[in-house]
Amino acid sequence: MAKRIMIQGTMSGAGKSLLVTALCRIFRQDGYAVAPFKSQNMALNSFITREGGEMGRAQVLQAQAAGREPDVRMNPILLKPSSDTGSQVIVNGRPLGDYRAADYFEMKKSLIPDILAAYRSLEAENEILVIEGAGSPAEINLKADDIVNMGLAELVDAPVILVGDIDPGGVFAQLYGTVALLEPKERRRIIGTVINKFRGDVKLLEPGLSMLEDLTKVPVLGVVPYVSVDLDDEDSLAPRLGRTEAGRSVDVAVIRLPHISNFTDFSPLEHHPALGVRYVTDAGQLGSPDLLILPGTKNTMGDLLWLRQNGLEAAILRLWARETPILGICGGFQMLGETLSDPLGAEQAGELRGMGLLPLMTVFAPEKTQTQTEAIAAGPFRGAQIKGYQIHMGQTDTGALEPFCQLSTGETDGAIKGNVFGTYLHGLFDTGTLTERIADWLLERKGIDPENIRPESHRDYQERQIDRMADTVRASLDLDGIYRAMEEYDHG
C-alpha cells in the first residue's frame, strides 16, 4: 500500500494546489515514485491526455512536478460549470452529462466506486500519493455527502495537513474554526497545520503558533513564506485575469469571457519578453491592441450574446476594420463565423448570428471531440510546429478557407481569412515554435527587429517555477515530521 498525505484547506485559494505541486516535486527529488490525486475538481481549465481523456489542468501541473504523464486517474471527476447553477460532469475523462447542482449533489455518492478504482490503481503503481481536497472540509451543509475532503480521507484512510492562507488575514481563526467544526474522528486525522503565504518575520507569529497548537492539539508543521511563482491557475478567480496593462512592446488583449475556459493557453505568451498580455471585460478597456484573442468558453452562445450586449462585439468589429489581427480559439473560433446552430440543445438550443468575420457555420452536437494532436501552422506562421489538443462539442464547416494548420492525421484545423485566424487547438503555444513565430510576426508589423528577442521554452520556465516552489516549501515545512507521520499512520 502506498503512503499517502492529504492537503486540505480552510477555504478555496488557500494554496492547496501549489502545496501539492511542491510536495510532488519534493518526494520525486527524494527518490520516490509519486503521483497526485484529486477525486473531484471544479475548473474550466482542462487538458486532454494522450489517451483522449479530459482532466483538470491543476493535476496536469502536479503530474509534471511528479515526473509523470498526465492521467485521468489523477482526477476521476471534473466539473465544468456551464452556468451559475449547472455543470458538465466528466467521469474518468469522459462526459457523463450536464447536471444542475442539486441533481449532482444527489447522485455524486454513486461515483465513489469510480473514485476508489482510480485511487487504488494509482496506489498500486506508486510509493506516495499526494491527495488534494477542495474548498473547505468544514462546509457543514455538505459534509454528509462529501467525496473530496474528510469523506475521501476516510475512504482511503489518509492523514491530513490543514492549510490556511494568511494573506487575507484571520488565519488563526480560519485554522481553529475549521478544526472546531470537524467531528472528533475527523480531527484525529489532522497531523498538523500549515500557514501559507506569510510576509514578514516569522518570529512575530510564534506566540500565535503556540496558542494555535494548544487550541487545536496538533503541531504547526511550518510557515510557508509568500513566494512569487508563476504557475498555471486553476479557475477564473486567478489574479492574472485582473491584469489590464500590457507593459511590453506588443499589446495582446484577451477577452475575459464570463465562462472563459483554458486561459492557461496564454501562459506562454505572458512569459515572452516582448508580449504584454492583458484581459479585457468591456469596450472601454479594449484600446488598440496589436493582437486580439477570443478565448475558449464553456458557453459559446451565451458569451457571444454577452459580447453583443455590452458593446465589445462592435468594438472588435471596429478593430477588424482597421486590420487588427484577431485570433479565435475553440469557442472564440466558433464566434467568428456567420452562424452558430444548436438543434439538439447541446448548449442552449436555437440558432445565433455569429460575428461574421469568417464565412463558416458551426453546429453543436452532444458528442465531444477530445484528442491530442500535432500540427504544422499555415498562413503567415507557415511551418511553425504545434502540439495541442481539441476539446469541443461543435463541428465547423470551413468550406474552401485556408486552414490554420495541417494536423498530423492529414486533416486540417481552423481557418484563416486576411488577419482573422481561428483554430480548435488548445495548448497551441505550450510547445513547438508557434509562440516565437507569432511574436516575430507581430514585432515585424510594428517595425521592431525580433532577432535579439528569444524566449525561454515554456517547459523550462515551468520547471524552474516548480523547483522554486519546492525549494521554498522544503525549507519551510517539517518534512521529517511529515514522513514520520505518513509512516506511523501507515502502520497505525
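Structure: above.
Please read these numbers as outputs of a predicted model, since none were measured by experiment.

Draft legend 1. Broad picture of unusual backbone geometry. The backbone of asparagine 262 shows a phi angle near 50°, a positive value even though the residue is not glycine. You can see asparagine 262 is positioned in the loop between strand E14 (260-261) and helix H9 (267-271). With a phi close to 55°, cysteine 330 is a non-glycine residue in the positive phi region. As for its position among the elements, cysteine 330 is in the loop between strand E18 (326-329) and helix H13 (331-335).

Draft legend 2. Structural detail: the sheet that holds strand E2 (residues 34-37). Sheet architecture is open: six strands sit in the order E2-E9-E1-E10-E11-E12, paired in parallel fashion. Each edge of the sheet is formed by a strand with only one pairing partner; in this case those strands are E2 and strand E12 (220-225). When the angles between neighbouring strand axes are averaged without regard to direction, this sheet yields 20°. Bridging between strand E1 (residues 3-9) and strand E10 (residues 160-165) involves four bridges; their strand directions are parallel. Along E10, the bridge assignment pairs glycine 9 with valine 163. Helix H4 (residues 112-125) contacts E1, E2 and strand E9 (128-132) of the sheet and is inclined by roughly 170° relative to E2.

Draft legend 3. Representation of the pairing of strand E19 (residues 339-342) in the model. The pairing of E19 with strand E20 (residues 350-353) spans four bridges and is antiparallel. Paired with leucine 340 across the strands is leucine 352, a residue of E20. Bridge count between E19 and strand E21 (residues 361-377): three bridges; the pairing is parallel. Residue pairing across strands places serine 341 opposite valine 363, the latter belonging to E21.

Analysis parameters
Residues numbered from 1 in each chain as written. Predicted model: local features only at pLDDT ≥ 70, side-chain atom pairs only at ≥ 80, totals over all residues. Heavy atoms only, no water. Helix = DSSP H or I, 4+ residues; strand = E, 2+ residues; numbered from the N terminus. Pairing = 2+ DSSP bridges. Axes fitted to C-alpha atoms, helices over the stretch in contact; angles between N-to-C directions. Contact = heavy atoms within 4.5 Å.

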